[in-house]
Amino acid sequence: MKINDKKKNIVKKLTDAERIKENSNYLRGTIINDLKNEITNGFIGDNFSLIRFHGMYQQDDRDLRLERYEQKLEPRHAMMLRCRLPGGIIQAKKWLKINDFANKYTLYKTIRLTNRQTFQFHGILKKHLKCVHKMLHDIGLDSLGTANDVNRNILCTSNPLASLIHQEAYKWAHKISNFLLPRTRAYAEIWLDQKKIFTTDHEPILGKTYLPRKFKTTVVIPPYNDVDLYANDMNFIAIAKKDKIIGFNVLIGGGLSFIHGNKNTWPFLAQEIGYIPIEHTLLVAKAIVTTQRDWGNRTDRANAKTRYTINNIGLDVFKKEIEKRANISFERIRDYTFISRGDRFGWIKDINDNWNLTLFVKNGRICDNNNHLFKSGLCEIAKVHEGNFRITSNQNIIISDISKDKKNIINNIVQSYKLIDNISHLRKNSMACVSFPTCPLAMAEAERVLSFFVTQLENIMLKYGLEQETIVFRISGCPNNCGRSILAEIGLIGKSLSRYNLYIGGNKIGSRIAKIYKENLTEKEIFFHLKYLIQVWSEERNEKEDFGDFVIRKQFVKEIINPISDFWN
Ligand code: SRM
Ligand code: SF4
């Protein structure tokens, strides 16, 4: 397949990913045949990529890769499945089924909360895949649209303080998610054994070849930017009057990944394009998605996300096209401010007189180990709790909507399973992506070293009397930036095994991209530099000045104003 770039008169070849989508018969491929194939535990050819549209990734345990290779064994293929959970809310009762599945059918027996407010199972064998989909279906969930070139799990502010309009915002997250979902029957036919309906599939919004690349959406309630909206393609910032959402400020074109050394790739913050009254929301969502669908680059996946489309044609042209397609005019942006990004921990009463308890989940990994019985504790809560669990965009969990009479019961479980730790502010504001052993793209460790790195940083902070302060600290195992390191005050990004690039200068509310400070550092070198920076911060900071603001003011790194020119120079 070829398309013409008329301006340059160059014929460019569509990517293989486009061919796969085009030939897939609306995401079916020959997945059904692969499910019957008992010779391999993996999916073959195009199906390897197509299963991602159904919310699964084929992985193998990288800790075991060499050993199995030496034994001439196939890599230990197993799937990671990511559930769709717009806004991160799930009834506590349903958690028991999720926990059971992890115990019975996954190699790791853990559940991983992600920073897009959902959960993943790692290590599902091919033969158990239908079982997981049926289990999810039985509790009203699915994994459709959580991976590949579609609109991903939609984020929504989870802070329970905002609950009066939270319910409304959450409904919008659901509405937009359902509206933008693939309409193909492939998921139901393949995984749920539902009968093939002999009508032609039709994808009125996504189109037959879906989007050029992944697409991410948020619904945000200021002043909390816990969802890190600036990292997303399409964002709806709620504007409320008398505790009712009347409209949204719309921001588009955020995204964080880049490729080491490739100056044609850069992280970018979502840009304001205007305000819309609430009744235009779906129209505008459709116009944004279809504009990106039609104008996004399908010949180079590294240049295919919305931010590159916008850069290629200009924000104004993109905006006018949205107005044309939605038949609306954007109004001027309404005032809004953000004050924080992190989660609010501990007990808090909400507007409906219910209690909410935010628990810190180390690395978002729900598991039992010698020190903690988090997995078992959560199940005990699920057995008695009639409300919800809310997964936050920082990989934590809120036990929400706890009635007055259940508060003590739940608190007793929390105490006996030691679900609350006395941890530093720094630790609460730290995050890492999954990385090794399951992520095939990992260049360096992230989740498995986060705790160690935080402990070292805590010691440095203590030494300089800063133990009550916090720094947003994040690690990603590669520059795809799943841990959103490039929006951290201190961000580490994997370069190769045990080596990282050190980025500094993001801010507390997530509206500034961090800049590289030093490259290719070992762990020892990282702490050498951080010790120095933190010491100077302790001695020379203005009153209450945050670390990220300080290193910019003191010009340890240049502030990134326009990432396209400033990120690499
Ligand atoms: Fe991510 C790919 C894990 C949030 C940017 N991400 C991956 C894969 C699936 C690796 C792969 O393609 O084979 C990782 C699976 C690891 C594993 O074993 O579980 C992975 N990403 C994650 C999660 C689980 C990290 C976490 O610890 O929470 C997050 C799942 C979110 C979800 O529930 O949907 C996750 N990924 C992000 C974010 C942060 C966000 O969305 O707020 C980003 C940066 C924001 C952005 O998209 O710009 C992110 N992930 C990527 C990219 C780079 C995409 C790009 O624009 O170039 C890839 C690679 C790709 O898509 O080709 C990737
Ligand atoms: Fe994997 Fe890289 Fe994402 Fe970490 S940042 S989960 S290493 S793709």
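Quick caveat: nothing in here was measured; it's all calculated off a predicted structure.

**Considerations on the overall build of the protein**
Here is step 1: Helices and strands together make up the secondary structure of the protein, namely 18 helices and 22 strands.
Here is step 2: Dimensions of the protein along its principal axes, counting C-alpha atoms only, are 65 × 60 × 55 Å.
Here is step 3: Buried residues in the protein amount to 59% of all 569 residues.
Here is step 4: Within the protein, residue pairs in contact and separated by at least 24 positions form 67% of the contacts whose partners lie at least 6 positions apart.
Here is step 5: For the protein, the distance from the average site of its 87 positive side-chain charges to the average site of its 61 negative ones is 3 Å.

**Digging into the packing of aromatic side chains**
Two aromatic rings are characterised by how far apart their centres lie and by the angle between their planes.
Here is step 1: In the structure shown here, the tally under the stated rule is 26 aromatic pairs.
Here is step 2: Ring pairing ties together the aromatic residues W95, F101, Y105, F119, F121 and F389, which thus form one cluster.
Here is step 3: Positioned above the aromatic ring of Y517 is the side chain of K518, whose terminal nitrogen or guanidinium carbon lies 5.2 Å from the ring centre.

**Things to note about the sheet that holds strand β5 (residues 89-91)**
Here is step 1: What the five strands build is an open sheet, ordered β5-β16-β17-β14-β13; its pairing is antiparallel. Both edges of this open sheet fall to β5 and β13 (346-349), since each of them pairs with a single strand only. Shown here is a sheet whose adjacent strand axes are inclined to one another by a mean of 25°, direction ignored.
Here is step 2: Sheet topology places strand β14 (residues 355-359) next to strand β17 (residues 397-402); four bridges connect them, and they run antiparallel. In the sheet register, L359 faces β17, and the bridge partner there is I397.
Here is step 3: In this fold helix α5 (residues 92-105) packs onto β5 and β16 (388-391), with an angle of close to 85° to the strand it touches most, β5.
Here is step 4: Most of the contacts of helix α13 (residues 404-416) go to β17, to which it runs at about 150°, and overall it touches β13, β14 and β17.

**Focus on the site of ligand 1**
Here is step 1: Close to ligand 1 lie 31 residues, the nearest being T114, S257, T438, C482 and R484.
Here is step 2: R213 is positioned with one of its side-chain polar atoms (N or O) 2.9 Å from an oxygen atom of ligand 1.
Here is step 3: With respect to ligand 1, the side chain of R484 contributes an N or O atom lying 2.6 Å from an oxygen atom.
Here is step 4: Where the shell around ligand 1 is concerned, the elements lending two or more residues are β3 (56-60), β4 (77-82) and β7 (119-124).
Here is step 5: Looking at the shell around ligand 1, its residues break down into 10 nonpolar, 12 polar and nine charged.
Here is step 6: Among the domains, domain 1 (2-326) and domain 3 (427-566) are the pair contributing at least three residues each to the shell around ligand 1.

**Observations concerning the packing of helix α12 (residues 374-384) against α13**
Here is step 1: Contact geometry for α12 and α13: axes closest at 9 Å, N-to-C directions at 165°. Compared by their axis directions, α12 and α13 come out roughly antiparallel. Judged by the twist between their axes, the crossing of α12 over α13 is right-handed. Two secondary-structure elements touch here, α12 through G377, E380, I381 and V384 and α13 through K406, I409, I410, I413 and V414.
Here is step 2: The residue makeup of the contact of α12 with α13, split by class, is six nonpolar, one polar and two charged.

**Examining helix α10 (residues 306-313)**
Here is step 1: Among the residues of α10, those classed as buried are T306, R307, Y308, T309 and I310.
Here is step 2: Directly after α10, the chain includes G314, whose backbone phi takes a positive value near 100°.

**Topic: the domain arrangement of the protein**
Here is step 1: Domain boundaries in the protein define domain 1 (2-326), domain 2 (346-424) and domain 3 (427-566).
Here is step 2: Taking only C-alpha atoms, the centre of domain 2 and the centre of domain 3 are 28 Å apart.
Here is step 3: Taken together, the nine residues of domain 2 in the interface contact 11 residues of domain 3.
Here is step 4: Counting across the domain 2 and domain 3 interface gives one salt bridge.
Here is step 5: Along the contact surface separating domain 2 from domain 3 lie seven residue pairs in polar contact (both at pLDDT 80 or more).

**As for the pattern of salt bridges**
Here is step 1: Evaluation of the coordinates by the stated rule reveals 40 salt bridges.
Here is step 2: For D61, the salt bridge goes to R76, with nearest N and O atoms at 3.8 Å. Residue D61 is located in the loop between β3 and α4 (65-70), and its partner R76 is located in the loop between α4 and β4; the two are separated by 15 residues in the primary sequence.
Here is step 3: R76 sits in the partly exposed class, given a relative accessible area of 28%.
Here is step 4: A salt bridge links R448 to D63; the nearest nitrogen and oxygen atoms lie 2.8 Å apart.

**Structural notes on the coordination of the iron atom of ligand 1**
Angles between donor atoms at a metal ideally measure 109.5 degrees for a four-coordinate tetrahedral arrangement and either 90 or 180 degrees for a six-coordinate octahedral one.
Here is step 1: Donor atoms from the protein around the iron atom of ligand 1 number only one, C482 (SG), found at 2.3 Å.
Here is step 2: Within the secondary structure layout, C482 lies in the loop between β19 (473-476) and β20 (490-496).

**Structural notes on the packing of α5 against helix α6 (residues 129-138)**
Here is step 1: It is at 10 Å that the axes of α5 and α6 come closest, and there the two elements cross at 170°. With respect to their mutual orientation, α5 and α6 come out roughly antiparallel. Along its contact with α5, which presents K97, I98, F101 and Y105, the element α6 presents C131, V132 and M135.
Here is step 2: A per-class count over the contact of α5 with α6 returns six nonpolar, no polar and one charged.

**A short note on the site of ligand 2**
Here is step 1: Near ligand 2, the surroundings consist of C433, S435, C439, L441, A442, S476, G477, C478, N480, N481 and C482.
Here is step 2: Along the lines of polarity and charge, the residues of the shell around ligand 2 split into six nonpolar, five polar and no charged.

**Description of the pairing of β19**
Here is step 1: Residues F473 and I475 line one face of β19 and the alternating positions R474 and S476 line the opposite face, and both faces are buried.
Here is step 2: Alignment of strand β18 (residues 430-432) against β19, held across three bridges, turns out to be parallel. Within the sheet, the bridge partner assigned to M431 lies in β19 and is R474.
Here is step 3: This β-α-β element, β18 to helix α15 (residues 447-463) to β19, shows left-handed connectivity.

Cut-offs applied
- Residue positions within a chain follow its written sequence, with the count starting from 1.
- Here the convention is simple: chains get letters from A, ligands get numbers from 1, in the order in which they are written.
- It should be noted that, the model being predicted, local features are given only for residues of pLDDT at least 70 and side-chain atom pairs only at 80 or more, the latter also being counted only at that level, while totals for whole chains, interfaces and linings use all residues.
- Only hydrogens and water are set aside when side-chain values are computed; all heavy atoms of the structure are taken into account.
- Runs of E in the DSSP output that reach at least two residues are strands. Runs of H or I that reach at least four are helices, and both are numbered from the N terminus.
- Only protein chains enter the calculation, and the probe is 1.4 Å; a residue is then buried if its accessible area is under 20% of its type maximum, exposed if over 50%, and partly exposed in between.
- Only heavy atoms matter for contacts: two residues are in contact if any of them lie within 4.5 Å across the pair.
- Two residue types count as positive, namely Lys and Arg, and two as negative, namely Asp and Glu; His and chain ends fall outside the count.
- Charged groups are reduced to one reference atom each: NZ for lysine, CZ for arginine, CG for aspartic acid, CD for glutamic acid.
- By convention, a stacked pair of Phe, Tyr or Trp rings (six-membered ring in the case of Trp) has centres within 6.5 Å and planes under 30 degrees apart, an edge-to-face pair has planes over 60 apart, and any other such pair is tilted.
- Sitting over a ring, as applied to charges here, requires NZ of Lys or CZ of Arg to be within 6 Å of the ring centre and within 35 degrees of the ring normal.
- Only strands that DSSP links by at least two bridges are regarded as paired with each other.
- Throughout, an axis means a line fitted to C-alpha atoms (over the contacting stretch in the case of helices), and angles, computed between N-to-C directions, take values from 0 to 180 degrees.
- A molecule or strand has a residue near it when one of that residue's heavy atoms lies within 4 Å.
- Here a polar contact is recorded for every N or O atom pair within 3.5 Å, except that within protein the pair must consist of a potential hydrogen donor and a potential acceptor, and residues adjacent in sequence are included only if both atoms are side-chain atoms.
- In this classification, Asp, Glu, Lys and Arg are treated as charged, Ala, Val, Leu, Ile, Met, Phe, Trp, Tyr, Cys and Pro as nonpolar, and every other residue, Gly included, as polar.
- A domain assignment, automatic or from a database, supplies the domain bounds used here.
- Angles below 35 degrees are treated as roughly parallel, those above 145 as roughly antiparallel, those between 65 and 115 as roughly perpendicular, and all remaining angles as oblique.
- Should the near helix be turned anticlockwise from the far one by less than a right angle, the crossing is left-handed, and should it be turned clockwise, the crossing is right-handed.
- For this document, the term salt bridge refers to a Lys or Arg side-chain nitrogen within 4 Å of an Asp or Glu carboxyl oxygen.
- Coordinating donors are taken to be N, O and S atoms lying within 2.8 Å of the metal, or within 3.2 Å when the metal is Na, K or Ca; because water is excluded from the atom set, some sites may appear incomplete.
- The handedness rule is simple: strands pointing away from the viewer, and a clockwise path from the first strand over the helix to the second, make the crossover right-handed.

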